Amino acid sequence: MRLAINLGLIAVIALLVWMLVSSIQEPIAFKAAKEARHSVVEERLKKIRSAQELHREITGKFAGDFDSLSYVIRTGKVQIISVYGNPDDPDSDGTDIRYDTTYVAAMKKIEELEIGNLDSLRYVPFGDGATFSIQADTLTYQSTLVNVVEVGTPTKIFMGKYKDPYYSRYDNSYDPEKVIKFGNMGAPNLSGNWER
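What you see is a predicted model; the values in this text were computed from it and never measured. (Residues numbered from 1 in each chain as written. Predicted model: local features only at pLDDT ≥ 70, side-chain atom pairs only at ≥ 80, totals over all residues. Heavy atoms only, no water.)

A. Highlighting a nonpolar patch on the surface. Taken together, M1, I5, L9, I13 and V17 make up a surface patch of nonpolar side chains, about 550 Å² in accessible area. Within the fold, M1 resides in the segment before helix 1 (2-59). Under the relative-accessibility criterion, M1 is labelled exposed at 80%. (Patch = residues over 30% accessible without salt bridge, like charges linked within 9 Å, V, L, I, M, F, W, Y side chains within 5 Å. Areas by Shrake-Rupley, 256 points an atom, 1.4 Å probe, with all protein chains shown as cover. Salt bridge = Lys/Arg side-chain N within 4 Å of Asp/Glu carboxyl O. Helix = DSSP H or I, 4+ residues; strand = E, 2+ residues; numbered from the N terminus. Buried < 20%, exposed > 50% of the residue type's maximum accessible area, 1.4 Å probe, protein only.)

In structure tokens, the structure reads:
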């Protein structure tokens, strides 16, 4: 009988130790996963932003979908203007300044910007095939017609098992519904909301 009670107490102690260790490890694992996943998604959004800026340089506007973004960059050319002479020289009469315009394939710029595979830009890392939402349009902002773009995804799409609001108990700022994005459909702004 005494042996059974001791074994029962050992089992209860083992269970309590396991629960204690789990309760300590869970917030640590959540924080590590959150930081790692956010970092990868932010990097992908930065690459999409660079690709959108290149698309605007080629066409004068942002792409409203990833197919258009990819097509224009694969087939488009970027204008490069070289200046010979010093236009800021106060002693110059302007006759010794020459401008030369050349065109380079946009794919060359993609390599320089280290954007990588254009076809994979649309996919949210850790998102099991989910794609980023993308919007582009023009609007009148301070009496000027401007191009605007917004690309993003809700946090829950890439957080895997941590997408539950339960985990906000470990981080007050964590909201699985919050969209991580760059751009703004209401203003000409390409900043990412993680950069604030």
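B. Structural view of the packing of aromatic side chains. Inspection of the entire model under this criterion finds eight aromatic pairs. Ring geometry for F30 and Y174: centres 5.0 Å apart, planes at 75°, overall edge-to-face. Highlighted residues: F30 in helix 1 and Y174 in the loop between strand 4 (144-154) and strand 5 (179-183), separated in sequence by 144 residues. Relative accessible area serves as the criterion here: at 1%, F30 is assigned to the buried category. Here the aromatic rings of Y166 and Y167 are separated by 5.0 Å at their centres, their planes lie at 85°, and the arrangement is edge-to-face. In this structure Y166 comes out as partly exposed when scored by relative accessible area, which is 36%. The class of Y167 is buried, set by a relative accessible area of 10%. Members of the aromatic cluster, connected to one another through ring pairs, are F30, Y162, Y166, Y167, Y170 and Y174. A cation over a ring is seen here: R37 above F126, with NZ or CZ 4.7 Å from the ring centre. (Phe/Tyr/Trp six-rings, centres within 6.5 Å; stacked < 30°, edge-to-face > 60°. Lys NZ or Arg CZ within 6 Å of the ring centre and 35° of its normal.)

C. How the structure looks around the side chain of H55. Along the chain, H55 falls in helix 1. On the accessibility criterion, H55 (2% relative accessible area) is buried.

D. Up close: the nonpolar core. In this structure, L45, I48, F66, I73, F132, V151 and F182 are the most contacted members of the largest nonpolar core, which totals 32 residues. Elements with a contribution of two residues or more to this core: helix 1, helix 2 (66-75), helix 3 (106-113), strand 4 and strand 5. Per-element accounting of this core gives the leading share, seven residues, to helix 1. Residues within four places of F66 in sequence aside, it is in contact with I48, L121, R122, F132, I134 and V151. (Core = buried A, V, L, I, M, F, W, Y, C linked by side-chain atoms within 4.5 Å. Contact = heavy atoms within 4.5 Å.)

E. Broad picture of unusual backbone geometry. In this model, F126 sits at a positive phi of 65°, which is unusual for a non-glycine residue. Positionally, F126 belongs in the loop between helix 3 and strand 3 (133-141). Of the residues examined, F126 reaches a relative accessible area of 41% and is grouped as partly exposed.

F. Representation of the sheet that holds strand 3. Taking strand neighbours across the sheet as the criterion, the three strands line up as 3-4-5 in an open arrangement whose pairing is antiparallel. Two strands lie at the open edges of the sheet, namely strand 3 and strand 5, each paired on one side alone. Within the sheet, the average angular offset between the axes of one strand and its neighbour, ignoring direction, is 25°. As defined by bridge partners, strand 3 adjoins strand 4 across nine bridges and the pair is classed as antiparallel. Looking across to strand 4, one finds that A136 is bridged to V149. (Pairing = 2+ DSSP bridges. Axes fitted to C-alpha atoms, helices over the stretch in contact; angles between N-to-C directions.)

G. Structural view of the pattern of salt bridges. One pass over the structure, following the stated rule, counts six salt bridges. D67 is the salt-bridge partner of R122, the closest N and O atoms lying 2.8 Å from each other. Here the residue R122 occupies a position in the loop between helix 3 and strand 3, and D67 occupies one in helix 2, the gap between them amounting to 55 residues. We classify D67 as exposed; its relative accessible area is 51%. As a salt-bridge pair, K156 and E177 come within 3.1 Å of each other at their nearest N and O atoms. Taken together, the residues span a long stretch of sequence, with K156 in the loop between strand 4 and strand 5 and E177 in the loop between strand 4 and strand 5 at a distance of 21 residues. E177 sits in the partly exposed class, given a relative accessible area of 48%.

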